[in-house]
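Each chain is listed here by its residues.
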Amino acid sequence: MTGTGTVARLLPATAVVAAVAVVVGYTSLADTTTRLLLVAAVIFFGAAVWRTPRLDATTARGLGAGAVFLGAYLTGPVLVAATTKPSAAVVVVLTYLPPFLALLVFAALGMGVGAAGVGVVVPSVLVTLLVVAGAGPGTIAGLLLVVAVPAAVVAVWAPPLWARPSAATGVLAATAVVGVGVLPLSAVAGSDDDSWRWSGQLDGWGVVLVIAGMLVVAVLGLVAVLRRDGAVGVLAGSALVVAPLPATMLDLPISGVGALWVVPVAALVVAGVGLALPAVRGVLGRVAGWLRPGGGTSVAAVTAVAGVAAVTIVTEVLPTLDLSRVLRGSITLAVYLAVTVVARRTQGVPGAVQAAFVLLGLGLTRPMLWIVGVGDPFNLPALVLECVVDLAAIGMLLRRHPRPGVAAAMGYLLIVDFTGFLRYALTPRDIELALTSTPWQSMAVFGPVLLVGVLGLLLVAFHRAEHMVARGQAMVAVAMAASGFTMLRLLLAYFGPEDTAARNALASSLAPVTPNMGAVELLLRHEPDQGVLGWILGLVVIAVLGAATTAMPANTGLVAAIVLFIVPATQVLAALMIDRGAFEVFLWGAVGVAAVLAVVTYLLVLRVPVDDGPVPEVAEEDRPQQAGSPDGRE
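The rules behind each value
- Residues numbered from 1 in each chain as written.
- Predicted model: local features only at pLDDT ≥ 70, side-chain atom pairs only at ≥ 80, totals over all residues.
- Heavy atoms only, no water.
- Helix = DSSP H or I, 4+ residues; strand = E, 2+ residues; numbered from the N terminus.
- Buried < 20%, exposed > 50% of the residue type's maximum accessible area, 1.4 Å probe, protein only.
- Contact = heavy atoms within 4.5 Å.
- Patch = residues over 30% accessible without salt bridge, like charges linked within 9 Å, V, L, I, M, F, W, Y side chains within 5 Å.
- Areas by Shrake-Rupley, 256 points an atom, 1.4 Å probe, with all protein chains shown as cover.
- Salt bridge = Lys/Arg side-chain N within 4 Å of Asp/Glu carboxyl O.
- Phe/Tyr/Trp six-rings, centres within 6.5 Å; stacked < 30°, edge-to-face > 60°.
- Lys NZ or Arg CZ within 6 Å of the ring centre and 35° of its normal.
- Core = buried A, V, L, I, M, F, W, Y, C linked by side-chain atoms within 4.5 Å.
- Axes fitted to C-alpha atoms, helices over the stretch in contact; angles between N-to-C directions.
- Parallel < 35°, antiparallel > 145°, perpendicular 65-115°, else oblique.
- Left-handed = near helix turned anticlockwise from the far one by under 90°.
- Nonpolar A, V, L, I, M, F, W, Y, C, P; charged D, E, K, R; others polar.
- Polar contact = N/O pair within 3.5 Å; in protein donor to acceptor, adjacent residues only side chain to side chain.
- pLDDT = per-residue confidence, 0-100.

Draft legend 1. Region of the structure containing the overall build of the protein chain. On a plain count of helices and strands, the protein chain comes out with 27 helices and zero strands. Burial status across the protein chain gives 51% buried among its 634 residues. Across the protein chain, the fraction of contacts at a sequence separation of at least 24, relative to all contacts at a separation of at least 6, is 75%.

Quick look at the structure:
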């Protein structure tokens, strides 16, 4: 079996290069039938790899599932092209249906990434179909709440096979209802008056929607922590730290914002009372046991709820209030300091959760810019003080909680800081010069994510301890995810909707998950320079090397981040090569490298002895935690 060693590292790296070759080859084909044959071959190959007895179950399942999903993803456009004059709704269904079916199969086989993927696709498709049908934001939000509430009920009561996709569906639908997180509704639906305005004018029905949506997010986030469901936890966490779009992108207050306070303030009060009164804490323990039979609570867990609620208030609610920038930054920094002190005194997962929220909050709200620079991203003293504060927070929190989730939050924060400095150093102060493209502007976009990815790889290379490797992989995963969303932003700029307001709204929805967004927007004022091509190729190398680390140990989060990056990155590279008349070189270069690696890998795999025993469908560590079982790993 190839759990470790050269073959185990070479296989995922070869898979990434092969994916690039497949996407480039797919782009070069104009005939629908030929494209369909290509994606069918990719899916068949993935299924064969999944069942091979020459690889261990984890490696075979990961590579096979990746190939099957890539083929399914590329099948959608083929089906659209084969349909005669399809309506907008048919285009949406045909595009999403093949990858949705692939994710559904993965979920049925017990793969966590499949369950999370199903949960992401369902509300996304629903929102898109409703927008195509001409539904308004209020109608869409109401229908999404109808989806979110039953999904939350199923997530709490159903067996794990149904609970995980239901939890992901409920969280994402609820975040869209509220207008926050990774699917802010206004980014898709806009409003009748202004595509930039948040869809939730919080009066009457809007108040009910926001409170109910935040309550669903809070409950499912708690369920995710209790059941150690990292994918759902990330989705829920995004809704608790990302403010509505106008507050983050335009620095605008939102009228009637009191509804946003209800759930986080209630959670803070209940947690405070629970810490003071053991009887109340006992009731909270019974609630935790109801959400996960066999579970319970503790002082540390209740403290974590209070810390997360406090961070949610300053990251999501405070920016929506009409406060002076200095006052807002001061309050935010004071809350972060208090939660940091508590996190350092809290052991285990509860302390790590608070630490991750603080680091993410520092990257999203950047309080020192408000206190010293009054919101000016080019104020050098503010940038220096921000970096000092952020590094101090990283040192205090990561040393106390050396966990992958905290390392991932650190990676996000480092990208924000590096981008701030590079953007300051590489953007001319003179407005005439700022409007002129320079070869260095792309460095502010891609340099920070590349640097964080390299730091993660170095951590993996020079530390053999499993917890250090996991930290390095988490940093690479953040770099790949940020790069993937950057690629999506570039695709949106080059091939997105012609309507400027719609394009801006869609672009703003990527801001929270693109920590280098400010530099991206400056870059997009000009035609892409030669440096863009080199930086993207450098990130592809990081993706290949990052994939090679997934053999020690397996890391589905890193694999998902690499997939998120590699597909849009290949499309951007193909577009740039076409513009430069070098597409043929790119095509045959990618195919040639992939072919050489594939032959070498195949010859090495042939030397691996075949295990005559049955190949398990799902490795035990990838199964969802069963009700009443002991706590799983973080």
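Draft legend 2. Structural context of a nonpolar patch on the surface. A contiguous nonpolar patch, built from Val-149, Val-153, Trp-157, Val-283, Val-287 and Trp-290 and spanning about 580 Å² of accessible area, is present on the exposed surface. Looking at the nonpolar patch, the elements that each hand over two or more residues are α6 (137-157) and α13 (278-291). Summarising the element assignment, Val-283 is placed in helix α13.

Draft legend 3. View of the packing of aromatic side chains. Within this structure, the stated rule accounts for one aromatic pair. Centre to centre, the rings of Trp-50 and Phe-106 are 5.7 Å apart; their planes meet at 45°, and the pair counts as tilted. Highlighted residues: Trp-50 in helix α2 (residues 32-51) and Phe-106 in helix α4 (residues 88-108), separated in sequence by 56 residues. An identical accessibility class is assigned to Trp-50 and Phe-106; each is buried. Just above the ring of Tyr-26 sits the side chain of Arg-35; from NZ or CZ to the centre is 4.4 Å. Above the ring of Trp-370, the side-chain terminus of Arg-328 is found at 4.8 Å from the ring centroid.

Draft legend 4. Local environment of the nonpolar core. Ranked by size, the top nonpolar core spans 126 residues in total, and within it Leu-359, Phe-446, Met-480, Met-487, Ile-536, Phe-565 and Ile-566 carry the most contacts. Beyond its immediate chain neighbours, meaning those up to four positions away, Leu-359 contacts Ala-393, Ile-394, Leu-397, Val-406, Ala-409, Met-410 and Leu-413. With 14 residues, the next largest nonpolar core counts Trp-50, Leu-103, Phe-106 and Ala-107 among its residues.

Draft legend 5. Region of the structure containing the packing of helix α19 (residues 404-426) against helix α21 (residues 441-462). The interhelical angle for the contact between α19 and α21, taken along N-to-C directions, is 155°, at an axis separation of 8 Å. Accordingly, the angle class assigned to the pair α19 and α21 is roughly antiparallel. Handedness of the crossing formed by α19 with α21: right-handed. Residue-level contacts link Gly-411, Leu-414, Ile-415, Phe-418, Thr-419, Leu-422, Arg-423 and Leu-426 of α19 to Gln-441, Met-443, Ala-444, Pro-448, Val-449, Leu-451 and Val-452 of α21. In terms of residue class, the contact of α19 with α21 is built from 11 nonpolar, three polar and one charged.

Draft legend 6. Spotlight on unusual backbone geometry. Backbone geometry at Lys-85 places phi at a positive 45°, although glycine is not the residue there. Here Lys-85 lies in the loop between α3 (57-82) and α4. The class for Lys-85 is exposed, based on a relative accessible area of 80%. We note that Arg-366 has phi near 50°; this positive angle belongs to a residue other than glycine. Looking at where Arg-366 falls in the secondary structure, it is placed in the loop between α16 (348-365) and α17 (367-371). By relative accessible area, which is 18% here, Arg-366 ends up buried.

Draft legend 7. Region of interest: the packing of helix α15 (residues 325-345) against α16. Between α15 and α16, the shortest axis-to-axis distance is 9 Å and the interhelical angle comes to 160°. Viewed along their axes, α15 and α16 adopt a mutual orientation that is roughly antiparallel. In terms of crossing hand, the pair formed by α15 and α16 is left-handed. Residue-level inspection shows Thr-332, Tyr-336, Val-339, Thr-340, Val-342 and Ala-343 of α15 in contact with α16, the latter providing Gly-351, Gln-354, Ala-355, Val-358, Gly-361, Leu-362 and Thr-365.

Draft legend 8. Local environment of the environment of Gly-213. For Gly-213, the position within the fold is in helix α9 (residues 205-226). Considering only alpha carbons, one finds Gly-213 and Ala-176, 37 residues apart in sequence, at a separation of 8.3 Å.

Draft legend 9. Spotlight on the side chain of Thr-365. Among the secondary structure elements, Thr-365 is positioned in helix α16. Note on Thr-365: relative accessible area 12%, which makes it buried. In terms of polar contacts, Thr-365 uses its side chain to reach the backbone carbonyl oxygen of Gly-361, at 2.6 Å.

Draft legend 10. Up close: the confidence of the model for the protein chain. Summarising the model, the protein chain shows a mean pLDDT of 77, and 77% of its residues fall at 70 or more. Between the elements of the protein chain, mean pLDDT differs from a low of 41, seen in helix α8 (residues 185-189), to a high of 92, seen in α15. Low pLDDT, under 50, characterises residues 181-202; the stretch is placed with 72 contacts to residues that sit more than four places away or in other chains. Across residues 431-436, confidence stays below pLDDT 50; counting only partners more than four residues off in sequence or on other chains, it has eight contacts.

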